[in-house]
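Observations on chain architecture
Here is what each chain is made of, one letter per residue.
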Amino acid sequence: MLIFIYNILLYILIPFIIPIGYIFAYKRGEEKDYFERFGFIKVDKDLSNTLWYHCASIGEVRSIKALVNIIKEEFKNVNIIVSTTTATGKRIAQEELKPDFAFLLPIENPLAISHLIEITDTKIFFIVDTEIWPNLISTVSKKVPLFLINGRLSDNSLKRYRQFRFIFNKLFDKFTKIYTKSDEDTKRFLSILDNTTKIVTLGNIKFYLASIPNDLNIIPDGKRLFVAGSTHRGEEEIILKSYLATINDDIFDQLIIAPRHLNRVNEVENLCIKFGLKVARLEKYGPEADVVLIDKFGILEYLYWKAVKVFVGGSLVEVGGHNIFEALQFKKSVAVGPNMNNFRDIFHWSLQYGIITVVNNENDLIKFMKSDIKQGDFDQFFSFLDQKNRELINPILKEIKNVFN
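So, a few notes on the structure that sits alongside this text. For clarity, every value in this text was computed on a predicted model and none was experimentally measured.

The rules we used
- Residues numbered from 1 in each chain as written.
- Predicted model: local features only at pLDDT ≥ 70, side-chain atom pairs only at ≥ 80, totals over all residues.
- Heavy atoms only, no water.
- Pairing = 2+ DSSP bridges.
- Helix = DSSP H or I, 4+ residues; strand = E, 2+ residues; numbered from the N terminus.
- Axes fitted to C-alpha atoms, helices over the stretch in contact; angles between N-to-C directions.
- Contact = heavy atoms within 4.5 Å.
- Phe/Tyr/Trp six-rings, centres within 6.5 Å; stacked < 30°, edge-to-face > 60°.
- Buried < 20%, exposed > 50% of the residue type's maximum accessible area, 1.4 Å probe, protein only.
- Lys NZ or Arg CZ within 6 Å of the ring centre and 35° of its normal.
- Core = buried A, V, L, I, M, F, W, Y, C linked by side-chain atoms within 4.5 Å.
- Salt bridge = Lys/Arg side-chain N within 4 Å of Asp/Glu carboxyl O.
- Parallel < 35°, antiparallel > 145°, perpendicular 65-115°, else oblique.
- Left-handed = near helix turned anticlockwise from the far one by under 90°.
- Nonpolar A, V, L, I, M, F, W, Y, C, P; charged D, E, K, R; others polar.
- Polar contact = N/O pair within 3.5 Å; in protein donor to acceptor, adjacent residues only side chain to side chain.

**A short note on the sheet that holds strand 3 (residues 101–104)**
- Read from one edge of the open sheet, 7 strands run 3-2-1-4-5-6-7, paired in parallel fashion. On the outer flanks of this sheet lie strand 3 and strand 7 (199–201), each paired with one strand and no other. Neighbour-to-neighbour, the strand axes of this sheet turn through a mean angle of 20°, independent of strand direction.
- Bridge count between strand 1 (residues 50–55) and strand 4 (residues 122–128): 5 bridges; the pairing is parallel. For T50, the partnering residue across the bridge sits in strand 4 and is T122.
- Along the sheet, helix 5 (residues 110–119) contacts strand 1, strand 3 and strand 4; its crossing angle with strand 1, the most-contacted strand, is approximately 145°.

**Re the packing of aromatic side chains**
- Under the defined criterion, the tally for this structure stands at 19 aromatic pairs.
- Between Y161 and F168, the ring centres sit 4.1 Å apart and the planes meet at 35°, which makes this aromatic pair tilted. Of the two residues examined, Y161 and F168, each falls in the buried class.
- Taken together through their ring pairs, the aromatic side chains of F325, W349, Y353, F378, F381, F382 and F384 make up a single cluster.
- The side chain of K181 reaches across the aromatic face of F343, ending 5.5 Å from its centre.
- Geometry around F368 places K309 over its ring, the cationic atom sitting 5.1 Å from the centre.

**Quick word on the nonpolar core**
- Among the nonpolar cores identified, the biggest contains 39 residues, and L303, I324 and F381 are the most heavily contacted of them.
- Looking at this core, the elements with two or more residues in it are strand 8 (225–231), strand 9 (254–259), helix 12 (300–306), strand 12 (309–312), helix 13 (325–328), strand 13 (333–336), helix 14 (344–352) and helix 16 (378–404).
- Here the element with the most residues in this core is helix 16; it accounts for 5 residues.
- If near-sequence neighbours (up to four positions away) are discounted, F381 is found in contact with F325, L328, I346, W349, S350, Y353 and I355.
- Counting residues in hydrophobic clusters, the runner-up holds 32 residues, among them V140, L146, L148 and F172.

**Brief notes about the pattern of salt bridges**
- Evaluation of the coordinates by the stated rule reveals 25 salt bridges.
- Measuring nitrogen to oxygen at the nearest pair gives 2.8 Å for the salt bridge that ties R62 to E96. In this pair, R62 is assigned in helix 2 (residues 58–63) and E96 in helix 4 (residues 87–97), connecting sequence segments 34 residues apart.
- Classification of R62 by relative accessible area gives buried; the value is 12%.

**Concerning the sheet that holds strand 13**
- The 7 strands lie next to each other as 10-11-9-8-12-13-14, forming an open sheet whose pairing is parallel. Among the strands making up the open sheet, the edge pair consists of strand 10 (279–281) and strand 14 (356–358). Across the sheet, the axes of successive neighbouring strands diverge by a mean angle of 20°, strand direction being ignored.
- Bridge count between strand 13 and strand 14: 3 bridges; the pairing is parallel. Bridging across to strand 14, V336 finds its partner in V358.
- In the packing of helix 10 (residues 236–246) onto the sheet, the strands contacted are strand 8, strand 9, strand 11 (291–293) and strand 12, and the crossing angle to strand 9 comes to about 175°.
- Sitting on the sheet, helix 15 (residues 362–370) touches strand 8, strand 12, strand 13 and strand 14, and the angle it makes with strand 12 is about 155°.

**Points about the packing of helix 3 (residues 65–74) against helix 16**
- At a minimum axis distance of 11 Å, the contact between helix 3 and helix 16 shows a crossing angle of 50°. Accordingly, the angle class assigned to the pair helix 3 and helix 16 is oblique. The chirality of how helix 3 crosses helix 16 is right-handed. Each of A66, L67, I70, I71 and E74 in helix 3 lies in contact with helix 16, whose residues at this interface are N389, R390, I393, I396, L397, I400 and K401.
- Residue composition of the contact of helix 3 with helix 16, by class: 8 nonpolar, 1 polar and 3 charged.

**Things to note about the packing of helix 10 against helix 11 (residues 265–274)**
- At their nearest, the axes of helix 10 and helix 11 sit 11 Å apart, and the two run at 35° to each other. You can see that helix 10 and helix 11 cross each other, and the crossing is right-handed. Residue-level inspection shows E236, E237 and L240 of helix 10 in contact with helix 11, the latter providing V268, L271 and C272.
- Residue composition of the contact of helix 10 with helix 11, by class: 4 nonpolar, no polar and 2 charged.

**Concerning the pairing of strand 1**
- For strand 1, a buried count of 6 out of 6 residues is recorded, marking the element as mostly surrounded by other parts of the structure.
- Inspection of the sheet shows strand 1 paired to strand 2 (residues 79–84) by 6 bridges, in the parallel sense. When the sheet's bridge partners are listed, C55 is paired in strand 2 with T84.

**Some remarks on the pairing of strand 12**
- Across the two faces of strand 12 the burial is the same, with K309 and F311 and V310 and V312 all buried.
- Sheet topology places strand 8 next to strand 12; 4 bridges connect them, and they run parallel. Among the inter-strand pairings, G229 is bridged to a residue of strand 12, identified as V312.
- When strand 12 meets strand 13, the two strands line up parallel, connected through 4 bridges. Residue V312 lies in a different strand from strand 13, and its bridge partner there is V336.

**Here we look at the environment of S242**
- Mapped onto the secondary structure, S242 falls in helix 10.
- Along the chain, S242 and K367 lie 125 residues apart, while their C-alpha atoms are 8.9 Å from each other.
- What S242 contacts, discounting residues up to four positions off in sequence, is E362, L365, I366 and M369.
- Among the polar contacts made by the side chain of S242, one reaches the main-chain carbonyl oxygen of I238 at a distance of 2.8 Å.

None of this, on its own, says anything about what the molecule does.
See below:
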């Protein structure tokens with residue numbers, strides 16, 4: 001009955017959602033793929049023995065690169081298709097995963113999802129991270145084995161799911177298995193799902209494969225850059241004050257700030273002006289600017305690659321931090337705040353191998369900017385991660401073998 005009411009509401013809203021959504025897609029230059037969201041998807045190749053991954057956006061797409069590469073090596077007769085929620089995610093999937101087919105998910109369209117499973121001959125379905133779409137989960141689970149990998153529940157999600165436990169208990173039970181990011185996430189799922197045999201702590205597969213950024217030629221070679229990536233409100237002011245404290249020491253040529261949410265670029269730009277700094281946006285990059293603000297998605301790894309030193313945001317505020325491996329993979333000097341709950345494992349491993357610096361405040365960040373950082377043992381760190389990669393991926397490979405062998 002609840003699913004029925006949910007779908008009735010969807011059908012009522014769709015006539016309003018389609019034109020409004022198209023306007024926003026057109027403004028972002030994403031109108032070409034827009035109607036894939038409603039099931040208008042042309043599969044222009046014959047597919048069989050297919051494995052389907054659904055990823056929300058860029059982060060989830062990149063999190064499965066190691067897994068996809070190994071599957072391509074070990075399962076030569078298996079086709080891989082990838083759906084995403086965002087157009088940017090689809091583009092990154094096509095460029096970096098090189099699947100047999102990529103498309104935007106027909107959100108909550110059970111007829112389209114069912115049809116796609118049939119015409120692609122999908123045998124197994126993976127949802128990456130906790131991307132909960134009731135119709136998607138219900139439809140897929142009736143047709144093929146359905147798995148959740150990198151399963152996680154934030155504090156806010158847990159509170160909401162517990163309030164509606166009678167719904168989410170049945171929804172989560174439709175998964176063949178839920179692989180969680182941590183023991184804490186396992187405990188959270190266990191507080192909602194009665195069938196405890198379906199939940200397994202696996203770990204976070206989000207950061208274990210190095211990638212080579214495209215040579216975008218956005219920033220000239222030779223620039224000494226301090227890059228602050230995925231920053232949040234409350235962090236930019238600390239970063240700007242710290243940068244100003246080093247500006248007479250001739251350590252860096254420019255500060256690059258990439259706000260986590262692009263709708264905050266104007267806010268951060270005004271903050272830079274308030275501090276008397278010359279500021280430019282990446283689209284109009286100028287070598288004379290003190291600060292360059294990143295106003296587009298998909299180039300954070302390129303910026304880390306170009307940097308001398310890096311600060312990864314979401315860690316000086318109560319967000320839980322963002323993916324530090326994106327910078328560590330290039331053997332950069334990386335600083336984070338103490339709040340790294342979202343990436344707890346790799347954070348502790350980085351500390352163990354001495355390749356990351358924790359800053360608690362403005363003074364710590366200034367010290368990090370000014371000091372000559374002695375790098376830890378990156379080679380041993382990467383060797384350790386290779387071992388972890390395989391440990392994490394083996395249970396998933398076993399499930400795939402059970403289906404295709």
